[in-house]
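Breakdown of the fold
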Amino acid sequence: MNIERLELFPTVVWCIDAPEQLADAWEQPLMTAIQSKLLPAQLPEHHQTDSTLHTIPEIKKFIDWIKITVQSQINGLGWQVEDLDISGMWATRLSSGATHPMHNHPNSWMSGVYYPTQYSGHDGELMLYDPRPAASMFVPNKMPGASNRYLSNTFSFKSQKGRMILFPSYLWHGVHTIRSDSRWSMSFDILPKGVLGRSGVDNRVTL
Amino acid sequence: MSINQFNYWSTPIFHFHMIWEDHQEILAECENWCKKNNKEVSVMIPDSERKNADPYSGMSEDLKNNPKLSRLSKWFEKCVYTAAHQVNEKFWKNLTNTPTVSITDMWAWSSSEYYNHYHGHPNSSWSGIYYLDVSDTHKHGHTRFYSPLPYNHYSDAGTLFVDAESNIAYEPGDGLLIIFPSYIRHEGMPYRSDKKRTIIAFNTQLK
């Protein structure tokens, strides 16, 4: 008997922790950059910057680290991408009682979240949701105590200073309720740069 | 020139309203059931910090079997039949037997601190939420329903009509019953108050 188990169409998510000394060194410049771009709060518990943080020269080393790190992971999957373009980067402060409902990022390829400071609470997890709508048509019961990625339709990450979560932009995500003071996060969208598609074969586009 | 516009892929959601003469007894019974079945704990606390059993896990007793709620659950089934019949009438004509509605599971939540992140109800045809006591829900804690259209389109000014309906939230009131197809994913938005908010939810199948 020959059994081959195929794990098709996986959704790859990276959890990357920056070296502690880098996360410490970046904290102050990042928070200064964030303060310089803060917009008036739309809700008392929800503050956000504009989406141009990646253009601030003082945090160029951090931006370069993101691009190099993401590029190496993408190349590792076999994608031939000449360069990456961060199309937007913004920071969000969620305070007690806030949540960020489920959404994804249209017109983007890869998205990520970075936590510039340590959040005092243990809640406010980044929630990732199964992107396969049809996978929830029928769901059997799980064996007692069973919990693994084959059985779950939700995955959560706790925020931690220096941590970057990287995922495809189509992936539905949100933030679970914040109960402590406030939590800062920096989000970004990434597009592949250069010529996409093969001449005469695919739709060819230059970004 | 003639123009015909076709609006396909609509999603029916029904509102019914009923306050029973024994409303307070029903409320008390549900609150009592929640105490026994771990459905009154705060669900804003992350799983790792919960001392009690997981409130999302299976119930020790199904609320649908509670004799004091039998009239209410029969009404739920009747409402689901009305909704399902309205949208399926022309298809049911071809069936040999008229379908009947059965509640497959029914539960309640009674909590002063509540959040139920984005989820769906598998193995079910139609689902319902009955708001027994919305308490301070007019301030927060609405149920948010998400569009079943896969949010996977290129987004620009031409798609604003899709984006505008990516999710909707109704302001609930005591006695409101919302019946919706179970494939509609939804989210119980954060609710935090001195007073408890009590709802009943259920799934059904038609055979």
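Not measured: the values here are computed from a predicted model.

Description of a nonpolar patch on the surface
All names here are of chain B. Together, F6, Y8, W9 and L149 make up an exposed nonpolar region whose accessible area comes to about 570 Å². Tracing the backbone through its elements, the reader meets Y8 in the segment before β1 (14–17). Overall, Y8 belongs to the exposed group, its relative accessible area being 55%.

Brief notes about the packing of aromatic side chains
Going through the model one piece at a time under the given rule, you end up with 24 aromatic pairs over all chains. When the centroid spacing of 5.9 Å and the interplanar angle of 85° are considered together, the rings of W79 of chain A and W109 of chain A count as edge-to-face. Of the two residues, W79 of chain A is situated in the loop between α2 (60–77) and β3 (83–95) and W109 of chain A in the loop between β4 (100–103) and β5 (110–114); the sequence distance between them amounts to 30 residues. Members of the aromatic cluster, connected to one another through ring pairs, are W20, W75, F76, Y130 and F202 of chain B.

Some details on α2 of chain A
Between the first and last C-alpha of α2 of chain A there are 26 Å, a value that for 18 residues agrees with the 26 Å anticipated at 1.5 Å per step. G78 of chain A sits one or two residues past α2 of chain A and shows a positive phi near 105°.

A word on the pairing of strand β9 (residues 172–175) of chain A
Residue and element names in this part refer to chain A. The side-chain alternation of β9 yields two buried faces, one formed by W172 and G174 and the other by H173 and V175. In this structure, strand β6 (residues 126–129) lies alongside β9, joined through four bridges in antiparallel fashion. From the neighbouring strand, Y129 faces β9, where its bridge partner is W172.

Describing helix α1 (residues 23–36) of chain B
All names here are of chain B. Between its first and last C-alpha atoms α1 spans 20 Å; for 14 residues at 1.5 Å apiece the expected length is 20 Å, and the two agree. Every buried residue of α1 is accounted for by H23, I26, L27, E29, C30, W33 and C34. Within α1, the buried residues cover an arc of 165° as seen down the axis, which keeps them to one side. The exposed residues of α1 that point more than 90 degrees off its buried face are Q24, E25, K35 and K36.

Some thoughts on the environment of D189 of chain A
All names here are of chain A. Looking at the element boundaries, D189 is found in strand β10 (residues 182–193). On the basis of relative accessibility, which here comes to 10%, the residue D189 falls in the buried class. Separated by 86 residues in sequence, D189 and H103 place their C-alpha atoms 14 Å apart. In contact with D189, other than residues within four places in its own chain, are D85, I86, S87, G88, W90, H105, S108, M110 and S111. In this structure the side chain of D189 is engaged in a polar contact, spanning 2.7 Å, whose partner is the side chain of H105.

What counts and what doesn't
- Residues numbered from 1 in each chain as written.
- Chains lettered and ligands numbered in written order.
- Predicted model: local features only at pLDDT ≥ 70, side-chain atom pairs only at ≥ 80, totals over all residues.
- Heavy atoms only, no water.
- Patch = residues over 30% accessible without salt bridge, like charges linked within 9 Å, V, L, I, M, F, W, Y side chains within 5 Å.
- Areas by Shrake-Rupley, 256 points an atom, 1.4 Å probe, with all protein chains shown as cover.
- Salt bridge = Lys/Arg side-chain N within 4 Å of Asp/Glu carboxyl O.
- Helix = DSSP H or I, 4+ residues; strand = E, 2+ residues; numbered from the N terminus.
- Buried < 20%, exposed > 50% of the residue type's maximum accessible area, 1.4 Å probe, protein only.
- Phe/Tyr/Trp six-rings, centres within 6.5 Å; stacked < 30°, edge-to-face > 60°.
- Expected span 1.5 Å × (residues − 1).
- Pairing = 2+ DSSP bridges.
- Arc of directions from axis to C-beta.
- Contact = heavy atoms within 4.5 Å.
- Polar contact = N/O pair within 3.5 Å; in protein donor to acceptor, adjacent residues only side chain to side chain.

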